Amino acid sequence: MKKTVVILLGLLMCAAAVTVIGQKKTLSPKQERREVREKRRAERVANYEKFMDSLVLSRNFQFNPQSMQRQPAGPLRQIMNPEFSLGIWDGTADICLPYIKGYVAPYYVTMINYTVSDLQGYTAEQTQEGWMVSFSTSLFSASTYTFTLEIYSRTGGADLTITNSWYNPVQYTGTISQLY
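These figures come from a predicted structure and were not determined experimentally. (Residues numbered from 1 in each chain as written. Predicted model: local features only at pLDDT ≥ 70, side-chain atom pairs only at ≥ 80, totals over all residues. Heavy atoms only, no water.)

Draft legend 1. Local environment of a positive patch on the surface. A contiguous patch of positive charge on the surface is contributed by Lys 30, Arg 33, Arg 34, Arg 37, Arg 40, Arg 41 and Arg 44. Note on Lys 30: relative accessible area 60%, which makes it exposed. (Patch = residues over 30% accessible without salt bridge, like charges linked within 9 Å, V, L, I, M, F, W, Y side chains within 5 Å. Areas by Shrake-Rupley, 256 points an atom, 1.4 Å probe, with all protein chains shown as cover. Salt bridge = Lys/Arg side-chain N within 4 Å of Asp/Glu carboxyl O. Lys, Arg positive; Asp, Glu negative; His and termini not counted. Charge placed at Lys NZ, Arg CZ, Asp CG, Glu CD. Buried < 20%, exposed > 50% of the residue type's maximum accessible area, 1.4 Å probe, protein only.)

Now the structure itself:
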């Protein structure tokens, strides 16, 4: 008799456990809307990352600077002119950027305004955050300028650093857009 009671209690406990495990978690309408919003947001972010990746791989994009700074610790200067940009397409770079010349004070701002088709050593490497694009060109002068563009796929932001053996590096912060 005791054995049958123990067996029946064991069966009842197993049945209770099965029904608890088998129950579907019910969400309130507010929780359902939250999950739907989170899924849509994640899809939009993933689609934007794919778009940024395709821009870099197509070699058809434009860097739009918003600020510039002479390295290592120069003053941060805002760039308000929407005409300043670095465009890359079909192995050509269209460069129209302010640039800070001088190795020691007094520094002065000049313009880099060239269309260059001989980009040397163009590389686009995928990183944890997005892409690292770099190339060199002489800009029709005796020295070589190296452009290093660090692109953040998730945000569409980018940092451009222009280095030259004669002057301190200049770093620009801005965004990447499609070149039409």
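Draft legend 2. Quick peek at the pairing of strand 7 (residues 130-137). Most of strand 7 sits out of view: seven of its eight residues are buried. Between strand 6 (residues 120-126) and strand 7, which pair antiparallel in sequence order, lie three residues. Pairing analysis gives eight bridges linking strand 7 to strand 8 (residues 145-152), with the strands arranged antiparallel. Paired with Thr 137 across the bridge in strand 8 is Tyr 145. (Helix = DSSP H or I, 4+ residues; strand = E, 2+ residues; numbered from the N terminus. Pairing = 2+ DSSP bridges.)

Draft legend 3. Geometry of the packing of aromatic side chains. Under the counting rule described, the total for this entry stands at five aromatic pairs. With a centroid separation of 6.2 Å and 40° between ring planes, the pair formed by Tyr 48 and Phe 51 is classed as tilted. On the criterion of helical spacing, the pair formed by Tyr 48 and Phe 51 is a turn pair, its members being three residues apart in helix 2 (residues 29-58). According to the relative accessible area criterion, Tyr 48 is partly exposed, its value standing at 31%. Centroid distance Tyr 122 to Phe 135: 6.3 Å. Interplanar angle 20°. Geometry classified as stacked. In this pair, Tyr 122 is assigned in strand 6 and Phe 135 in strand 7, connecting sequence segments 13 residues apart. (Phe/Tyr/Trp six-rings, centres within 6.5 Å; stacked < 30°, edge-to-face > 60°.)

Draft legend 4. How the structure looks around the layout of surface pockets. Its volume calculated, the largest pocket comes out at about 150 Å³. In this structure, the largest pocket is lined by 13 residues; those nearest its centre are Lys 101, Tyr 114, Leu 139, Ser 141 and Tyr 145. Breaking the lining of the largest pocket down by element, the ones donating at least two residues are strand 4 (92-101) and strand 5 (108-116). When the residues that make up the lining of the largest pocket are grouped by side-chain class, the tally is eight nonpolar, four polar and one charged. (1 Å grid on protein atoms, 1.4 Å probe; cavity = no way out; pocket = protein on both sides within 12 Å on 5 of 7 lines; lining within 4 Å. Points joined across faces, edges and corners; volume = space filled by probe spheres on them. Nonpolar A, V, L, I, M, F, W, Y, C, P; charged D, E, K, R; others polar.)

Honestly, that's just the spatial picture; any functional story needs more than this.
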